[in-house]
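Notes for the structure review
For reference, the chains in residue letters:
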Amino acid sequence: MKNLWLYLHFPHLQLDTLFSQDPAEHALAILDSKTNTVLQLNTQAKEAGIALHMGLGTAAALDQSLQVIPYQADIERHKLKDIAEALYLVTCDICFFPPNGLLLRIHNMLNLYAGLDAYWQVLQNQLATLGITYDYATGHSPFAARMLARDAWNQVTNDYSIMKKRVGDCALKQTELHPKTIQKLNRVGIHSVANLLKLPLKDVAKRFDIDLVTYLGRLTGEFQHPMHFFHPPDHFHRYLELMFDIENTQTLQHPLKHLFAALEQFLKVRDLLTQQLMLTFKQRDKEDLLLEIGSAQGEYQAQKWLTLAALKLENLQLTGPVCAITLKTGETQVRSPDKSDLFSGKKGTLSALQLISMLQAKLGEDAIQGLALHNDFRPEVASAYSAPLIQSDTLRQLQPLRPSFLLQIPQPLREKVSIIHGPERLHTGWWDNKETTRDYFVARSTLGQWYWVFKTPDTQWYLHGIFG
Amino acid sequence: MNSILHYLKNKRLVWQAHQNVHSTAQLDSTGFKELDAELQGGFPKQGVVDIDSPVGIGELRLLLPNLHARQQSNGRLLVFIAPSMRINSEMLAEYGFNLQQVLVIHPDSPKEALWCAEQCLKSGCCQAVLLWHQAIEIHQVKRLQLAAEQGDALHVLLRQNKQVSLSLPVSLGMRLRAHPQGLNIEITKRKGGWPGRPFNLDMNQQWPQLTIQPRPDNVLPFPHSKVS
């Protein structure tokens, strides 16, 4: 099988990343802060006559309303990763060429898609969803593809002769050779790649350094080009730089929607669920704010997470304006669809676990309790609250006639009551230093309320429960 | 007849007093024969039941047979929201409840309690929600009523009505008073029916130890005479 490579070059990645949602109305330029020259610009800026590599002074003179943004390699690196993740859904071997290029090995994908045209169609559709401008080219070697794409050749072919001819036509300036080497070659009358490739490699090796030989070998595809292919990460981790600072928790929901949509996509293709999300809000001049959102059942759907996040955000107090958000997932688990009976009638929209997660998100973990039984005769120990939906395992025989409500701490009895039943003696707890000796009675107050009272050995009367 | 009225009547949106047939709402036995007879079937399957009662006279015991039957039949959650005291799991377990299907929620404020109740009712995974709430308003009851219908759940509102208030739009309203043999019940409101006279419910069969049987007429108390 002949090797075939496809290179995608993103000429203004930072500009696209920042303004893909809402295109700017006026001229924009991304500036290299070291050299003070224009690196990327939008159409409005081009119309104003601004060109690449122009100095800031000239550019500003051409358009007074020009908005200038410093170049940040980080943004492009993050975006490149996102693009790779999106493309990984349709193609397997992806290699990064930072800061703004991706190389795809495509000859092994052609069988799957039954030809180059079909493959390219699918890839184009996937790229269209990202809303990014790109230049592309195929090549017989990684370097060839890269050179042609950066030259905006924008053609896809598997005909080697066309690609080789096109590579030969390129000037030496377009190669990735060191300027000094190019100068040396120019001096001996070599101006295009074709001129250079005509020379036997042995002679080139004698006259020039080994780097040139390696480059040529890789350009023609004779030498192996070592590369590290992209592996999709196991965990979702995304950083979102906000266009403007947000001080209101309500407004935060909008960027969160984007993050959760990306999360849904990530989890859905892996058929995973996650039970916990960690959101970090980067606050300007203030400490980062960490927010954990849990779902007992595990979710992947953006809408469900958004509901939970909205409940959490209600209780959140921002100390400063938020300028960036990071979203990370905790443990993930494989999704196992819940099987419910089709014939059992009307179904609600939530499962018990989902309901509990929602209540916990709003009220805090401790507000929702389940009931548990412990193997003890003391009523305050036997009856306990526990985490919700936990099966308690008690084999002890249950006592009849217990009240439905218990007082947290028994209160001294201050009412006149008449004893109806009793006594029932409890003498227990000698093993854990909380020895209790009580005689329990069922009593009725003058108002007709049924009380559960006890008498201590020193004839103190206490109210411990109420029969509701 | 006025055409709008006619239309509403055909749609069964207007209730007329001469319609003595039972409403279409499904009913669930309360577990007490006398009460079933008074309610012409039992508690509504879904909707809001308003219980105005002092604490500790047997208001919960009145509900337990019905709640237990519901849990047995569909195994959905039973939720207690904002009870004034701890719920004793021993008692529920002894009565036969599956404790795994019981939730107790302690919200920080009455407003949050209402929110919880609505979410639980709406979710469809709760069979019944018991809410202790003192000052509920008409629009809040309406919301709960709708949520209960949506989630096919029973909402029981337990309160101690101190002052006379407006009638709430509930499916069933009851006022409970203490009585030695059980409870004195007055049905204050019933959807598609008339409120009845107060009557006594004998709980001796279910809870013999929590009732006081009247002395038979032919027995005289032994005189407390001091032996000199």
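Fair warning: this is a prediction, and the values are worked out from it, not measured in the lab. (Residues numbered from 1 in each chain as written. Chains lettered and ligands numbered in written order. Predicted model: local features only at pLDDT ≥ 70, side-chain atom pairs only at ≥ 80, totals over all residues. Heavy atoms only, no water.)

**What about the overall build of chain B?**
What counts is decided by this rule: Secondary structure elements are taken from DSSP: a helix is a run of H or I of four residues or more, a strand is a run of E of two residues or more, and numbering for both begins at the N terminus. For every residue, the accessible area (1.4 Å probe, protein chains only) is compared with the maximum for its type, and the residue is labelled buried under 20%, exposed over 50%, or partly exposed between those bounds. Note on contacts: a residue pair qualifies if any of its non-hydrogen atoms lie within 4.5 Å across the two residues. Methods summary: accessible areas were calculated by the Shrake-Rupley approach with a probe of 1.4 Å, and residue burial reflects only the protein chains presented.
A tally of regular secondary structure across chain B gives six helices and eleven strands. A buried classification covers 49% of the 228 residues belonging to chain B. Expressed as a percentage of contacts within chain B between residues at least 6 apart in sequence, the contacts between residues at least 24 apart total 66%. Within the structure as shown, chain B displays about 11800 Å² of accessible surface, and the carbon and sulfur contribution to it stands at 53%.

**Considerations on the packing of aromatic side chains**
Which entries qualify depends on this criterion: Stacked, tilted and edge-to-face pairs are distinguished by plane angle, under 30 degrees for stacked and over 60 for edge-to-face with tilted covering the rest, among Phe, Tyr and Trp rings (Trp via its six-membered ring) whose centres lie within 6.5 Å. The rule for a charge over a ring is simple: NZ of Lys or CZ of Arg within 6 Å of the ring centre, and within 35 degrees of the ring normal.
Using the criterion set out here, one finds 17 aromatic pairs over all chains in the structure. With a centroid separation of 5.3 Å and an interplanar angle of 25 degrees, the aromatic rings of Phe454(A) and Tyr462(A) are classed as stacked. Each residue in the set Tyr440(A), Trp452(A), Phe454(A) and Tyr462(A) is aromatic and connected to the rest through ring pairs, giving one cluster. The ring of Tyr160(A) has Lys2(A) lying over it, and the distance from NZ or CZ to the ring centre is 4.3 Å. Here the guanidinium or amino end of Arg61(B) rests over the ring plane of Trp207(B), the centre of that ring lying 5.9 Å away.

**As for the sheet that holds strand E19 (residues 461-466) of chain A**
This is how the line gets drawn: In short, DSSP must find at least two bridges between two strands for them to pair.
Spatial strand order, E16(A)-E17(A)-E18(A)-E19(A)-E15(A)-E5(B): six strands in an open sheet with antiparallel pairing. Looking along the sheet, the strands with just one partner apiece sit at the ends: strand E16 (417-428) of chain A together with strand E5 (86-87) of chain B. Where strand E17 (residues 436-445) of chain A and strand E18 (residues 450-455) of chain A come together, six bridges link them in antiparallel fashion. By the bridge assignment for E18(A), Val442(A) is matched with Trp452(A).

**Some thoughts on the pattern of salt bridges**
Residue and element names in this part refer to chain A. The test is simple: The salt bridge definition used is simple: a Lys or Arg side-chain nitrogen within 4 Å of an Asp or Glu carboxyl oxygen.
Applying the stated criterion across every chain, the model contains 22 salt bridges over all chains. We note a salt bridge from Asp82 to Arg238, for which the minimum N-O separation is 3.7 Å. Taken together, the positions of Asp82 in helix H4 (residues 73-87) and Arg238 in strand E8 (residues 237-246) put the pair 156 residues apart, joining distant regions of the chain. By relative accessible area, Arg238 is classed as buried at 17%. In the salt-bridge network here, residues are joined through shared partners; they are Asp82, Glu85 and Arg238.

**Some details on the confidence of the model for chain B**
Detailed reading of the predicted coordinates is not advisable wherever pLDDT falls low. Here is the rule we go by: Confidence per residue, as judged by the predictor, is encoded in pLDDT with a range of 0 to 100.
Residues at a pLDDT of 70 or more form 91% of chain B, whose mean pLDDT is 84. Scored as a complex, the prediction yields pTM 0.67 and ipTM 0.84.

**With respect to the side chain of Glu76(A)**
Residue and element names in this part refer to chain A. What counts is decided by this rule: We score Asp and Glu as negative and Lys and Arg as positive, and we do not count His or the chain ends. What qualifies as a polar contact is a pair of N or O atoms within 3.5 Å, subject to a donor-acceptor requirement within protein and to the restriction that residues adjacent in sequence count only when both atoms come from side chains.
On the secondary structure map, Glu76 appears in helix H4. Buried charge without a salt bridge: Glu76, with Arg150 as the nearest opposite-charge side chain at an N-O distance of 9.5 Å. Of note is the side chain of Glu76, whose polar atom sits 3.0 Å from the side chain of Tyr71. Sequence-distant contacts of Glu76, that is, excluding residues within four places in its chain, are made with Leu13, Gln14, Gln40, Tyr71, Pro99 and Asn100.

**Details of the interface of chain B and chain A**
Chain B puts 49 residues into the contact, and the matching count from chain A is 53 residues. A salt bridge links Arg402(A) to Glu90(B); the shortest N-O distance between them is 3.6 Å. Across the chain B-chain A interface, the total number found is 15 residue pairs in polar contact (both at pLDDT 80 or more). If you list the elements that add at least two residues to the side of chain B that touches chain A, you get helix H3 (59-74), E5, helix H4 (89-95), strand E6 (102-105), helix H5 (110-123), strand E7 (126-132), helix H6 (138-151) and strand E9 (172-179) of chain B.

**Remarks on the side chain of Asp28(B)**
Within the secondary structure layout, Asp28(B) lies in strand E1 (residues 27-28). Setting aside anything within four residues of it in sequence, one finds Asp28(B) in contact with Gly41(B), Gly42(B), Phe43(B), Lys45(B), Asn66(B) and Arg70(B).

**Here's the deal with the packing of helix H15 (residues 352-363) of chain A against H5(B)**
In a pair of packed helices, the angle between the axes and the distance between the axes together describe the arrangement. Threshold: Only the contacting stretch of a helix is used when fitting its axis, a line to C-alpha atoms as for every element, and angles between N-to-C directions run 0 to 180 degrees. Convention used here: angles under 35 degrees read as roughly parallel, angles over 145 as roughly antiparallel, angles from 65 to 115 as roughly perpendicular, and any remaining angle as oblique. Crossing handedness is read from the near helix: turned anticlockwise from the far helix by less than a right angle, it gives a left-handed crossing, and turned clockwise, a right-handed one. In this count, Pro and Cys sit with the nonpolar residues alongside Ala, Val, Leu, Ile, Met, Phe, Trp and Tyr, while Asp, Glu, Lys and Arg are called charged and the others, Gly among them, polar.
It is the contact of H15(A) with H5(B), at a shortest axis distance of 10 Å, that shows an interaxial angle of 165 degrees. Our classification of the angle between H15(A) and H5(B) gives roughly antiparallel. Note on packing geometry: the crossing formed by H15(A) with H5(B) is right-handed. Between H15(A), through Leu355(A), Met358(A), Leu359(A), Lys362(A) and Leu363(A), and H5(B), the contact on the second element is made entirely by Glu112(B), Trp115(B), Cys116(B), Gln119(B), Cys120(B) and Ser123(B). A per-class count over the contact of H15(A) with H5(B) returns seven nonpolar, two polar and two charged.

**Details of the nonpolar core**
Put simply, the test is: Side-chain atoms within 4.5 Å link the members of a nonpolar core, which is a set of buried Ala, Val, Leu, Ile, Met, Phe, Trp, Tyr and Cys residues.
Membership of the largest hydrophobic core comes to 66 residues, with the highest contact counts inside it found for Phe260(A) and Phe281(A). Per element, the largest residue contribution to this core is eight residues, and it comes from helix H13 (residues 249-270) of chain A. If we skip the residues at most four places from it in the chain, Phe281(A) touches Leu252(A), Asp288(A), Leu289(A), Leu291(A), Leu313(A), Leu316(A), Val322(A), Ala324(A) and Ile325(A). Counting 61 residues, the second-largest nonpolar core is a separate cluster that includes Leu407(A), Trp452(A), Phe32(B) and Leu62(B).

**Things to note about the sheet that holds strand E3 (residues 47-52) of chain B**
Two orientations exist for strands paired in a sheet by backbone hydrogen bonds: parallel and antiparallel. Spatial strand order, E14(A)-E13(A)-E6(B)-E4(B)-E7(B)-E8(B)-E3(B)-E9(B)-E10(B)-E11(B): ten strands in an open sheet with mixed pairing. For this open sheet the edge positions go to strand E14 (383-386) of chain A together with strand E11 (199-202) of chain B, each flanked by a neighbour on one side alone. Each strand of the sheet is rotated relative to its neighbour by a mean of 30 degrees, with strand direction disregarded. With five bridges connecting them, E7(B) and strand E8 (residues 154-159) of chain B associate as parallel partners. If you follow Val129(B) over to E8(B), its bridge partner there is His155(B). Set on the sheet, H3(B) makes contact with E3, strand E4 (77-81), E6, E7, E8, E9, strand E10 (182-190) and E11 of chain B; between it and E7(B) the angle comes to about 160 degrees.

**Things to note about H3(B)**
Working note: α-helix, 3.6 residues per turn, so residues spaced by three or four point in the same direction. Residue and element names in this part refer to chain B. Under the convention used in this document: Expected span, for any helix, means 1.5 Å times one less than how many residues it has. The bend reported for a residue corresponds to the angle between axes fitted to the seven residues ending at that residue and the seven starting there.
Relative to the 22 Å expected for 16 residues at 1.5 Å per residue, H3 spans 23 Å between its end C-alpha atoms, a close match to the ideal helical length. At Pro65, H3 shows its maximal bend, which comes to roughly 30 degrees. Within H3, twelve of the 16 residues are buried, which leaves it mostly tucked inside the rest of the structure. Every buried residue belonging to H3 is among Glu59, Leu60, Arg61, Leu62, Leu63, Leu64, Pro65, Asn66, Leu67, His68, Arg70 and Gln71, and all of these are buried.

**Describing the packing of H5(B) against H6(B)**
All names here are of chain B. For the pair H5 and H6, interaxial distance at closest approach is 7 Å and the crossing angle is 25 degrees. Considered as vectors, H5 and H6 are oriented roughly parallel to each other. On H6, the residues that touch Leu114, Ala117, Glu118, Leu121 and Lys122 of H5 are Gln140, Arg143, Leu144, Ala147, Ala148, Gln150 and Gly151. Across the contact of H5 with H6, the residue classes break down as six nonpolar, three polar and three charged.

**What about unusual backbone geometry?**
Omega for the peptide link from Pro98(A) to Pro99(A) comes to 5 degrees, which places this bond in the cis form. You can see Pro99(A) is positioned in the loop between strand E5 (93-97) and strand E6 (101-105). One non-glycine residue with positive phi stands out, namely Asp271(A), at about 55 degrees. You can call Asp271(A) partly exposed: its relative accessible area is 35%. Its identity as a non-glycine residue notwithstanding, Asp152(B) has a phi of 55 degrees, on the positive side.

**A short note on the environment of Gln14(A)**
Residues and elements named next belong to chain A. Within the secondary structure, Gln14 sits in helix H1 (residues 13-19). As a C-alpha pair, Gln14 and Gln40 span 26 residues in sequence and 8.0 Å in three-dimensional space. Those residues within four positions of Gln14 in sequence are excluded, and the remaining contacts are Ile30, Gln40, Ile69, Pro70, Tyr71, Gln72, Ile75 and Glu76. A distance of 3.2 Å separates a polar side-chain atom of Gln14 from the backbone oxygen of Pro70.

**Some points on the pairing of strand E9 (residues 272-283) of chain A**
All names here are of chain A. Sheet topology note: the E9/strand E12 (residues 332-334) ladder contains three bridges and is antiparallel. Residue pairing for E12: Thr274 is matched across the bridge by Thr332. In this sheet, strand E10 (residues 289-299) lies alongside E9 in antiparallel orientation, the contact comprising seven bridges. When the sheet's bridge partners are listed, Leu279 is paired in E10 with Leu291. Taken together, E9 and the strand that follows it, E10, pair antiparallel across an intervening segment of five residues, in which Asp285 is found at a positive phi of about 65 degrees. Summarising the sheet, E9 and strand E11 (residues 322-329) pair through seven bridges and their orientation is antiparallel. What sits directly across from Lys282, in E11, is Ala324.

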